[in-house]
2 protein chains.
Amino acid sequence: MTVGHHNEATALNGVLAYGEPELPAPTGRQNEATALSRVLEPHSVAIIGASANPDKRGYQIIKALKNAGYGYPILPVNPKGGTILELPVFSDVDALPECVDIAVIVRPAEEVPDILIQCGKKGIAGAVVLAHGFRERGDKGSAAETRLLDALKKSGVRIIGPNTSGMLNCTVQADLIGLPELPPSGPISVLTQSGNMVLSVVEDSRSINGPGFDVIAGLGNQTDIEYGELIEELSRRESTRSIAIYNEGFLDGRGFLDAAARVGLSCPIVMLRGGRSIEGRKAALSHTGSIAGADEIAVKVLAQMGVTLVDRSDELLPVAALLATSPLPKPKTGIAVLTDGGGHATLAVDALSRAGVPLASLSEDTKTKLRSVLGDEASVENPIDVASAADAYPDVFPECIEILASDPQVGLVLTNGLFGAYHIRFDESLLKAENSAAERIVALRKASGLPMVFHSCYGNRKPENHDILRNGGIQIFPSIDWAVTGSKALFERANWLSKQNSNADRLAPDARRVFVPSGLSAETTAREMLQKLGVDTGEWSAASDAGAVSSVVSSFGKPCAVKVDSSVIVHKSDVGGVRLGVTREAASAAADDITRAMASQAPPVTTFGFIVTPMVDHGLELFVGAVNDSVFGPVVLFGSGGVLVEAVKDVTFRAAPLSPAEALDMINETGVAKILDGFRNYRPVDKRSLAEFISSVSLAVMRMENLSELDINPIIANESGIYPVDVRLVGK
Amino acid sequence: MTVGHHNEATALNGVLAYGEPELPAPTGRQNEATALSRVLEPHSVAIIGASANPDKRGYQIIKALKNAGYGYPILPVNPKGGTILELPVFSDVDALPECVDIAVIVRPAEEVPDILIQCGKKGIAGAVVLAHGFRERGDKGSAAETRLLDALKKSGVRIIGPNTSGMLNCTVQADLIGLPELPPSGPISVLTQSGNMVLSVVEDSRSINGPGFDVIAGLGNQTDIEYGELIEELSRRESTRSIAIYNEGFLDGRGFLDAAARVGLSCPIVMLRGGRSIEGRKAALSHTGSIAGADEIAVKVLAQMGVTLVDRSDELLPVAALLATSPLPKPKTGIAVLTDGGGHATLAVDALSRAGVPLASLSEDTKTKLRSVLGDEASVENPIDVASAADAYPDVFPECIEILASDPQVGLVLTNGLFGAYHIRFDESLLKAENSAAERIVALRKASGLPMVFHSCYGNRKPENHDILRNGGIQIFPSIDWAVTGSKALFERANWLSKQNSNADRLAPDARRVFVPSGLSAETTAREMLQKLGVDTGEWSAASDAGAVSSVVSSFGKPCAVKVDSSVIVHKSDVGGVRLGVTREAASAAADDITRAMASQAPPVTTFGFIVTPMVDHGLELFVGAVNDSVFGPVVLFGSGGVLVEAVKDVTFRAAPLSPAEALDMINETGVAKILDGFRNYRPVDKRSLAEFISSVSLAVMRMENLSELDINPIIANESGIYPVDVRLVGK
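Residues numbered from 1 in each chain as written. Chains lettered and ligands numbered in written order. Predicted model: local features only at pLDDT ≥ 70, side-chain atom pairs only at ≥ 80, totals over all residues. Heavy atoms only, no water.

Peer 1: Outline the nonpolar core, listing residues and values.
Peer 2: Ranked by internal contacts, the top residues of the largest apolar core, which has 169 residues, are Leu414(A) and Leu414(B). When near neighbours in sequence (up to four residues on either side) are disregarded, Leu414(A) contacts Ile335(A), Ala336(A), Val337(A), Leu338(A), Ala348(A), Leu352(A), Val453(A), Ala483(A), Val484(A) and Ser487(A). (Core = buried A, V, L, I, M, F, W, Y, C linked by side-chain atoms within 4.5 Å. Buried < 20%, exposed > 50% of the residue type's maximum accessible area, 1.4 Å probe, protein only. Contact = heavy atoms within 4.5 Å.)

Shown next as structure tokens:
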């Protein structure tokens, strides 16, 4: 569904329009819109717990709705009746008209369940529940939580909260939080687990004249409506062009990943995560009581699904503003930096380099044209320095941008320096020329579709030409770093979208599931299961006794590793359960050695077999594994093997399943990737085979029920192949 | 010298005061002040190339000086004579009064040398040279550069520039750049290699109501006055409390390090570096033509000398503001986060954790007192959440801060959230109470000396209570991240200062110097030199022939490594020049093998010896080295050895010489440090011995003349000691 029923006339409107206590007829909206869409864009609001006391939330929300110019019925409910702010008060929920879109429940926790039941009976689609005292209180809130869950089930009412600061829809001017002023309406929707972050994004937007907001919702405890459903619904709104999220963890991380990957195809998601550090997690827990996954995993799997992550709270809004308003760079292009001063250019280029955004290499034709504008002495390599050319002639910017727009290597133009403030720096008379330059740039943007990002060190002065750019959908920031972080987000999103097209269908895992026994599996069991699920675990053989070991070693025709095979031995080498480089002649004795070692354990290990693998004589030790993450479900790990590199943590993560192309990206993120390409004495390893292997593991773990963790460590990789040396599979 | 002669009356004043062309008597200041101090705080300014045309720089500077309210003589020079802006114009330099403090030379490059000579004759202390067309133009500017250097030598005039945007002294209201408004005066001095960065810091300060500026100087080409001298002079000014630098590289990096270490003891230095990336370096080179060192080295050696580095251009000014105005946390304390909302607290704590700033653990007494203010339900663990307690009662902040100030574990209080804007968020009537809370906080700060940093998401609204804090020397930022970066800077500076006290005198290297021969030295030569310079290179022996090798191996009494010893063999193993695990019996044959291998080289290697070292049977491979960095001079490296870890770059840097304590810090920065503490199969290594070894290498390289690089790689470290396995010494 889309918005646009803004002026739709309903019988309910009468309540507001005439201030009379007539009972309006149903809106009929319950038939045409989903409950959630009615919640996010309410065309009627009941305030349950309305108050005539200006210090109370039940008054402030009514005041805010009226102040904001909300054009639909406002229906206060209070047993005392009368009027509040000239609106007739309904004595109870039952007295309300049928099928109100949303109720804001301002009553304390213990009353909420009954109110929800009453709301359900009246066909109210949803409610914002402000009360706290539920799950976030731990044991103290558990009785209230149980009653709440029960009421949700019985009533069918969808709720935001409890323990939320509320919700705003700026598009229909509905302020259910009670802010002193409604933020301007525009394309950014915000989901947050912190009420104060609502204030932060609103203030951050104010300070850069941001493009404004559609829906802003405080999720609270997410007892009913949570992230996944919200982002899907927001992405269906034409008025939402980007979703900014302040997240302190997920109740259903895997559900979010799935939803994000779908939503991301049409609507960018920007996320600031709180509770990333151990200390921060404690602070977040005391706050909303949900679970943040291990930070390293979260960062990788969210990016994998196309979510733009920002590390700094001051960058959430600027990046969301840019993603909401800018087209994306074309694939395989780079950025052109257009500047009026060397220092700013140098800083922008440094920051772009750190961010991994490539500079465009300009064509000779482009350089020639730039020189014709800037003179022969100008630096027309990228960054392009207009130097003093702009001091008296601001049109040098649109002239250069026009040239850059026709270079196919240029995917985005980042203009930085004093833009739009020459009239402040030099002479007021330049204002007119600067405004006209800004208008030319807006026209160029419309004509070319070229993404543009601006920095001006005078940004905080808000000269009017900056607003000309903004009104033309071009963002201008007072910080070079914001401009660069935003540009990076545009390039990363463009790359992500192009990847989605190329490998969408290889990833449907076979639906049949295999159960992983609890605890450690014997290695042969683990390898058999992996084989069955499509993972090539290489040459290996089970052997039941010394004789079998001997004949298996013979059949491999080269020295082998002989290891004990048992689900009770956690560290095989620590208990004498491994013999390396075992020849045919020594095979039987090696098995006997291991048998004796098992007998000498306390208590003795009596039930075990052997696993035999041919020795791999050289190569690089790698690590492939998987964990069933408590937040994000099956996650695949890849990194260097071996103790030294474990200490420096050369490892990366992806949510399973993942394509070989994504696995290749994963490999290339690690330090060991450099060695895989051939380094000093190491010959190159076939990364594609390795990527296929990782992808096969990811598909396998999707089919494993009860998985806790899988370690294939080490895998030895050399010029002739990859060889899983040891496999550990653990069920929950 | 100090400032404070602001109102000092001189004969020169008459020129400005009465606008008459009388020739004033000398100021006499040349006897009491150094030339550089006169340049940085001029009490008379000549503008050479003054102009009556408002579009010209020679007019704008005079206008700006008058606008700014400069209280000393302004002396325009132009052959045309007459008056400009009511000031009498001198026809040439010779016509000027004696001993003017500074001349601003607005004339083109080719005229500058002659003008300088004239200035010298008139006793003018220094000049700001705006012209470009010198070294930064490469070959094109080299003739001008030569003439300039010559004029500098002959005239004795000190210059800032050329190719600079100029200089401001806000304390004496001297604007030699020509800004439309003089920035407010205050404690921050700024040195920059980019004119636009002057505008950036001024605007950034404006947007946070920063504490204002003392001296702001664009260094330009640094042909005469450069960083080291400037920071020393600025640190002598009472009006300068922090120095913010935008740096694109050093002409004399070692000189800067030495100066920074001295200056840092009394005055904090904050630096933003441009040209850190390869692309950025290119941009910077085209800009000022100086040299940025390898980024990794620069980051470490600058921090070693106490320089606070910021990575983002938008953080230079906020951090400088905080360092200029805040006391430092006491050693071994942590930070207390005081907040009014979970989300902001979580984000602050996350950012502090990333920044490595410890949270204070509050005493039970503190928690009890906090509970008495905030109620039993409040979270009084750090972060302390006042939650809704502040909504109607802003004094909850000073009350909590007062409690925290008496906890010896609390080194700094970071208050974050809505501070000072409850009257915006809730009710205007709160304004008075908020202002009084801010006043209480300022009083607390004065009484306790406790460092305080504030964040408010309403910071950009600039409520008046924020200015109450600022006027009390307390910074309040609109960005959590700035507040955290600033807090980190305070803790790091406190740590650095406490380290300077503890190990100052062990570092004076022996003055005698040893010459390193050009090219590669034979390993025995290298080890002998290191031994002589106080580095314990362990057990090794030279041997001239097979017989000697045999007897040396015998005398070691265990298997040895036997290697060719020659200054022409770069990679010993690649040419069959190494035999490992050589026993007494096999020694002679091993030497013969190596001799044959040498004979088979093309051309045959005929002059060589042997070096014999006992085998080390296990341990961790480490790397200790040194390079003679083109920017920073001798720099010591430490990291993991071996190819795998080379790929993940586990290495860190320090300028030589360094104390064992600093070397221990260095070790602990690396990934391998974790293994040195004992990890899996690795037993702990004595880090102190390793640190002593690194320190001894650092002292040795300080005595090496003509050093290019030294690699001791690998060093094997195990529980019984450290063993340099291979040593490579290369002279320039």
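Peer 1: Residue-level account of the interface of chain B and chain A, with values.
Peer 2: The interface is formed by 73 residues belonging to chain B together with 73 residues belonging to chain A. The junction of chain B with chain A conceals about 6000 Å² of combined surface from both sides, 54% of it contributed by carbon and sulfur atoms. Among the residues of chain B in contact with chain A, Arg312(B), Arg425(B) and Arg461(B) are the three that bury the most area, contributing 10% of the side total. On inspection of chain B and its partner chain A, the count reaches six salt bridges. Note that Arg461(B) is salt-bridged to Glu181(A), the shortest N-O span being 3.1 Å. Take the side of chain B that touches chain A: its biggest share by element is nine residues, from helix α13 (residues 342-355) of chain B. Residues belonging to the side of chain B that touches chain A are distributed by class as follows: 29 nonpolar, 20 polar and 24 charged. (Buried area = accessible area lost by both parts, 1.4 Å probe. Salt bridge = Lys/Arg side-chain N within 4 Å of Asp/Glu carboxyl O. Helix = DSSP H or I, 4+ residues; strand = E, 2+ residues; numbered from the N terminus. Nonpolar A, V, L, I, M, F, W, Y, C, P; charged D, E, K, R; others polar.)

Peer 1: An account of the sheet that holds strand β10 (residues 185-192) of chain B is needed here, citing residue identities and associated values.
Peer 2: Residues and elements named next belong to chain B. If you trace the seven strands from one edge of the open sheet to the other, you get β9-β8-β11-β10-β12-β13-β14, paired in mixed fashion. Looking at strand neighbours, the two that pair on one side only are β9 (174-175) and β14 (308-310), the edges of this open sheet. Where strand β13 (residues 269-273) and β14 come together, three bridges link them in parallel fashion. Of the residues in β14, the one forming a bridge with Met271 is Leu309. Where helix α8 (residues 227-236) meets the sheet, its contacts fall on β10, β11 (213-218), β12 (242-247) and β13, and the angle it forms with β12 comes to roughly 160°. Along the sheet, helix α11 (residues 295-304) makes contact with β13 and β14, crossing β13 at roughly 175°. (Pairing = 2+ DSSP bridges. Axes fitted to C-alpha atoms, helices over the stretch in contact; angles between N-to-C directions.)

Peer 1: Summarise the relation of the copies chain B and chain A; cite the residues concerned and give the values.
Peer 2: At an RMSD of 0.1 Å, chain B and chain A line up after a rotation of 180° and a shift of 0.1 Å along the axis. In symmetry terms, the pair is related by a two-fold rotation axis. In this assembly, 100% of the residues forming the interface of chain B have copies in chain A that are likewise at the interface, indicating an isologous arrangement. (Least-squares fit on C-alpha atoms with pLDDT ≥ 70 in both.)

Peer 1: Please set out the domain arrangement of chain A residue by residue, giving values where relevant.
Peer 2: Here chain A is partitioned into domain 1 (13-160), domain 2 (183-324), domain 3 (326-502), domain 4 (541-614) and domain 5 (620-731). A straight line from the C-alpha centre of domain 3 of chain A to that of domain 4 of chain A covers 67 Å. (Domains from an automatic or database assignment.)

Peer 1: Provide a residue-level description of the side chain of Ser313(A), including the pertinent values.
Peer 2: The residue Ser313(A) is located in the loop between β14 (308-310) and α12 (316-325) in this model. Relative accessible area serves as the criterion here: at 9%, Ser313(A) is assigned to the buried category. Apart from residues no more than four positions distant in its own chain, Ser313(A) is found in contact with Asp204(A), Leu272(A), Leu347(B), Ile480(B) and Asp481(B).

Peer 1: Help me get a handle on the sheet that holds strand β23 (residues 560-565) of chain B, residues and values and all.
Peer 2: Residue and element names in this part refer to chain B. Sheet architecture is open: four strands sit in the order β22-β25-β23-β24, paired in antiparallel fashion. The two strands at the open ends of the sheet, each matched to only one other strand, are β22 (541-543) and β24 (578-582). Averaged over neighbouring strand pairs, the angle between their axes works out to 25° when direction is ignored. Pairing between β23 and strand β25 (residues 609-614): six bridges, direction antiparallel. Of the residues in β25, the one forming a bridge with Ala561 is Thr613. Lying over the sheet, helix α22 (residues 546-556) contacts β22, β23, β24 and β25, oriented at roughly 10° with respect to β25. In the packing of helix α23 (residues 587-599) onto the sheet, contacts are made with β23, β24 and β25, and the angle to β24 comes to roughly 170°.

Peer 1: Go over the state of the cysteines, please, and point to the residues and values.
Peer 2: Residues and elements named next belong to chain B. As enumerated under the stated definition, the model contains zero disulfides over all chains in all. Cys170 forms no disulfide, and the closest cysteine sulfur to it belongs to Cys267, at a distance of 16 Å. A relative accessible area of 2% places Cys170 in the buried class. (Disulfide = S-S within 2.5 Å.)

Peer 1: Quick one: what's the story with the packing of aromatic side chains, residue by residue and with numbers?
Peer 2: Residue and element names in this part refer to chain A. Under the criterion given, the structure shown has 22 aromatic pairs over all chains. Between Tyr70 and Tyr72, the ring centres sit 5.6 Å apart and the planes meet at 55°, which makes this aromatic pair tilted. Accessibility classification places Tyr70 together with Tyr72 in one group, the buried group. Taken together, a centroid distance of 5.9 Å and an interplanar angle of 80° make the contact between Tyr227 and Phe256 edge-to-face. (Phe/Tyr/Trp six-rings, centres within 6.5 Å; stacked < 30°, edge-to-face > 60°.)

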